[in-house]
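What follows is the residue order along each chain.
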Amino acid sequence: MSTTGRPEPGPELDLRAVLPRFMQLGNLLNRSKLMEHAMAQAGNGLDRPSMSVLISLQLTNQPMRIGEIAARMQVAGPHVTRHVHELEQRGLVRRLADAQDRRARPIELTAEGAAIAGRYLRIMLGHLGSATDNWSDEDRQTFYRLLGRFADDLAASLAALDEE
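For clarity, every value in this text was computed on a predicted model and none was experimentally measured.

Visitor: I tried to follow the overall build of the protein chain on my own but got confused; where do I start?
Guide: Scanning the protein chain from N- to C-terminus turns up 7 helices and 2 strands. Written out in order from the N terminus, the α and β elements of the protein chain read α-α-α-α-α-β-β-α-α. In terms of overall dimensions, the protein chain is more spread out than a globule: its C-alpha atoms have a radius of gyration of 20 Å, far above the 15 Å expected for 164 residues. Dimensions of the protein chain along its principal axes, counting C-alpha atoms only, are 70 × 40 × 30 Å.

Visitor: Explain the packing of aromatic side chains to me, please; I cannot follow it from the model alone.
Guide: Aromatic ring pairs are described here by two measures, namely the spacing of the ring centres and the angle between the planes. One pass over the full model with this rule turns up 3 aromatic pairs. When the centroid spacing of 5.3 Å and the interplanar angle of 15 degrees are considered together, the rings of F22 and F150 count as stacked. Pair noted here: F22 is in helix α1 (residues 11-31) and F150 is in helix α7 (residues 137-163), with a separation of 128 residues, a long-range link. For F150, a relative accessible area of 38% gives the class partly exposed.

Visitor: Before we go on, may I ask you to explain the pattern of salt bridges in this structure?
Guide: Side-chain pairing between opposite charges can occur once the charged atoms of the two side chains come close. Counting across every chain of the model gives 4 salt bridges. The residue E36 makes a salt bridge to R48 at a minimum N-O spacing of 2.9 Å. With a gap of 12 residues between them, E36 in helix α2 (residues 34-42) and R48 in helix α3 (residues 48-60) connect regions that are remote in the sequence. A salt bridge links D137 to R140, with the nearest nitrogen and oxygen atoms 2.5 Å apart. With D137 and R140 both in helix α7 and 3 residues apart, this pair spans about one turn of that helix. We classify R140 as buried; its relative accessible area is 18%.

Visitor: It is not clear to me how the environment of F22 should be interpreted in this structure. Could you clarify?
Guide: The partly exposed category is assigned to F22, whose relative accessible area is 37%. The spacing of F22 and T81 is 59 residues in sequence and 31 Å in space, taken between C-alpha atoms.

Conventions we followed
Residues numbered from 1 in each chain as written. Predicted model: local features only at pLDDT ≥ 70, side-chain atom pairs only at ≥ 80, totals over all residues. Heavy atoms only, no water. Helix = DSSP H or I, 4+ residues; strand = E, 2+ residues; numbered from the N terminus. Rg over C-alpha atoms; globule rule 2.2 N^0.38 Å. Phe/Tyr/Trp six-rings, centres within 6.5 Å; stacked < 30°, edge-to-face > 60°. Buried < 20%, exposed > 50% of the residue type's maximum accessible area, 1.4 Å probe, protein only. Salt bridge = Lys/Arg side-chain N within 4 Å of Asp/Glu carboxyl O.

Shown next as structure tokens:
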């Protein structure tokens, strides 16, 4: 207790103060038209899950199995399988043979799929990056590093909770 009789500020008070900001960010990303705008500009009228498959493949820059894509998207494998099938029919991804496991069929982007994912990423990163245009390089690097650390640590914490 402080001399005023109030509790000393602690981590729980800091989190309580920042919670509305987390909610604000979630609302901004989910309710703004940013993603829809970026998807429309990228072309091909894809939905969010299909675009997420393309982005997952683009960011790893290598073929991935359905389970790996699902893990990155934090969804169940059958959900990804359905979208991969649709993307394959549209010529945006293709299945490869896996010499080590004939049952596995890694997925890779076609040139057209990579172009769509690239356009989407450029648009999204342009908008997200503009929010930090007036920040110093050091502030941007610190923010990116801490945001990545926070996301990783929160994911690990929530995964442990999901296992209970």
